[in-house]
Amino acid sequence: MMHNAVEGLTRRAVLGTGGALVVAFALRPARLAAAANPPELPVSLKRQPLLDGWIRIGADGKVTVFTGKAELGQGIKTALTQVAAEELMVRPERITMVTADTERTADEGYTAGSHSMQDSGTAIRHAAAQVRAILIGLAAQKLGVPADTLTVEDGVIRGDAGTLAYGELVTGQILHVPAAATIVLREPASLTVVGQSLQRTDIPGKVSGGASYVQDLRLPGMVHARVVRPPGPAATLAALDSAEAAQMPGVLKVVRDGSFVAVIAQREYQAILAARALARGARWNERETLPLQANVYQGALAAPTRDFVIHDQGSPDASGGKKLSASYLKPYQLHASIGPGSPQMRHAVTREDTS
């Protein structure tokens, strides 16, 4: 699964980009296609093309890998570690993965839509492969042997003339160079880490209740809030009885601004309970605005659209191409969080704000 994700676009990624997908292709010789489509850097590597923006190796041989994607409990910290370990040919436990640090990592945008492996995974894979190639080349120069006679095992380059560790070879700005679009990646048959079961780094914090995510932050003077959601997208608040919620333990303030209703409390669960009480005291005016379920596909197709190229393999060969077309429909689904993505950032305020 992971190997497929870093090789290119996944089915989920392609289908998730829009409501309609049109694919047209023609069969032609591979060398003609390659000539018409020179290799390009992975999208995230284009944004941050310097190798040491992704991979850094210390004199002690320890490896630090950087990703602009955030570990949200989906396991990408472990998966990206596997990708880097595979191409660098080091044990995963030697790698420290730095995730979504605005000062140190590449700006890879939001973490969503299965793009972590598709974008960051391909960038790390290519960067790691190039770092390995650079270090093997340096070792070949130092040992005075052809690079193809050397082997790598857990960050140690070996040959008949001697051995050199990665940490011995990385000096100065040797990795502060732009990535190349053409690079030799490891063959799938030689992979030993990707596709294997590896203990996930995010599980212990979940089990023990440790501070693992931004939601676990507790700042001085911080209080919590919850919003009462309307029963429908066009519902307006007709009346609100907030007496029960206002008297509940820990409640600092009930907020109403038109049809917006929220509550601020000292603790998060107090805010949750008070929001439930507010919901019981709210009366809404509702009206139908969504299309009928029977017409949901027609409504989606009639909505405004924006066309863009997912992947371009060049102009089809008009001499003998075959065009295939098909339509696929699936039930409407919402890919949404089961709770606030970041309560402390979205709903937290300080006590000075509650007056």
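Parameters and conventions
Residues numbered from 1 in each chain as written. Predicted model: local features only at pLDDT ≥ 70, side-chain atom pairs only at ≥ 80, totals over all residues. Heavy atoms only, no water. Helix = DSSP H or I, 4+ residues; strand = E, 2+ residues; numbered from the N terminus. Buried < 20%, exposed > 50% of the residue type's maximum accessible area, 1.4 Å probe, protein only. Contact = heavy atoms within 4.5 Å. Areas by Shrake-Rupley, 256 points an atom, 1.4 Å probe, with all protein chains shown as cover. Salt bridge = Lys/Arg side-chain N within 4 Å of Asp/Glu carboxyl O. Pairing = 2+ DSSP bridges. Axes fitted to C-alpha atoms, helices over the stretch in contact; angles between N-to-C directions. pLDDT = per-residue confidence, 0-100. Patch = residues over 30% accessible without salt bridge, like charges linked within 9 Å, V, L, I, M, F, W, Y side chains within 5 Å.

## What about the overall build of the chain?
Turning to step 1, where the next piece is worked out: Helix and strand counts for the chain come out as 12 helices and 12 strands.
Turning to step 2, where the next piece is worked out: Taking all 355 residues of the chain together, 33% fall into the buried category.
Turning to step 3, where the next piece is worked out: For the chain, the proportion of contacts with a sequence separation of at least 24, taken over those separated by at least 6, is 74%.
Turning to step 4, where the next piece is worked out: Accessible area of the chain: about 22200 Å², with a carbon and sulfur share of 54%.

## Digging into the pattern of salt bridges
Turning to step 1, where the next piece is worked out: Tallied over the entire structure, the rule returns 14 salt bridges.
Turning to step 2, where the next piece is worked out: D154 is the partner of R94 in a salt bridge, and the nearest nitrogen-oxygen pair spans 3.1 Å. Of this pair, R94 sits in the loop between α5 (76-88) and β3 (95-99) while D154 is found in the loop between β4 (151-153) and β5 (156-159), placing the two residues 60 residues apart along the sequence.
Turning to step 3, where the next piece is worked out: Salt bridges linked by common partners bring R91, E93, R94 and D154 together as one network.

## Description of unusual backbone geometry
Turning to step 1, where the next piece is worked out: Although it is not a glycine, M89 adopts a positive phi angle of roughly 60 degrees.
Turning to step 2, where the next piece is worked out: Relative to the helices and strands, M89 is located in the loop between α5 and β3.
Turning to step 3, where the next piece is worked out: The exposure class assigned to M89 is partly exposed, which follows from its relative accessible area of 24%.
Turning to step 4, where the next piece is worked out: If you check the backbone angles, D154 has positive phi at about 50 degrees while not being a glycine.
Turning to step 5, where the next piece is worked out: What makes D154 partly exposed here is its relative accessible area of 22%.

## Let's talk about the sheet that holds strand β6 (residues 162-165)
Turning to step 1, where the next piece is worked out: Overall, antiparallel pairing links the three strands, which are arranged β4-β5-β6 in an open sheet. One side of each edge strand has no neighbouring strand; the edge strands of this open sheet are β4 and β6. Across the sheet, the mean angle separating the axes of adjacent strands is 25 degrees when strand polarity is ignored.
Turning to step 2, where the next piece is worked out: Taken together, the three bridges between β4 and β5 define a ladder with antiparallel strand orientation. Across the sheet, E153 pairs through a bridge with V156, a residue of β5.
Turning to step 3, where the next piece is worked out: Where helix α6 (residues 115-143) meets the sheet, its contacts fall on β4, β5 and β6, and the angle it forms with β6 comes to roughly 140 degrees.

## Side note on the confidence of the model for the chain
Turning to step 1, where the next piece is worked out: On average, residues of the chain score 83 in pLDDT, and 82% of them reach the 70 mark or higher.
Turning to step 2, where the next piece is worked out: The low-confidence segment residues 1-34, where pLDDT is below 50, has 47 contacts with residues more than four positions distant or belonging to other chains.
Turning to step 3, where the next piece is worked out: Taken as a whole, residues 343-355 scores under 50 in pLDDT and shows 38 contacts with residues more than four places along the chain or in a different chain.

## Things to note about the sheet that holds strand β2 (residues 63-67)
Turning to step 1, where the next piece is worked out: Pairing within the open sheet is mixed, and its three strands lie in the order β1-β2-β3. Strands with a single pairing partner mark the edges of an open sheet, and in this sheet they are β1 (55-57) and β3. If you compare each strand with its neighbour and ignore which way they point, the axes differ by 20 degrees on average.
Turning to step 2, where the next piece is worked out: Looking at chain direction, β2 and β3 are connected through five bridges and run parallel. Its bridge partner being in β3, T67 is matched across the sheet by T99.
Turning to step 3, where the next piece is worked out: Contacts from α5 reach β1, β2 and β3 within the one sheet, and its direction differs from that of β3 by about 130 degrees.
Turning to step 4, where the next piece is worked out: Here α6 sits on the sheet and contacts β1 and β2; the angle it forms with β1, its principal contact strand, is near 40 degrees.

## Describing a nonpolar patch on the surface
Turning to step 1, where the next piece is worked out: On the surface, V214, L217 and L219 cluster together into a nonpolar patch covering about 220 Å² of accessible area.
Turning to step 2, where the next piece is worked out: Position of L217 relative to the elements: it lies in the loop between α8 (203-208) and β7 (222-228).
Turning to step 3, where the next piece is worked out: Residue class for L217 comes out partly exposed when judged on its relative accessible area of 37%.

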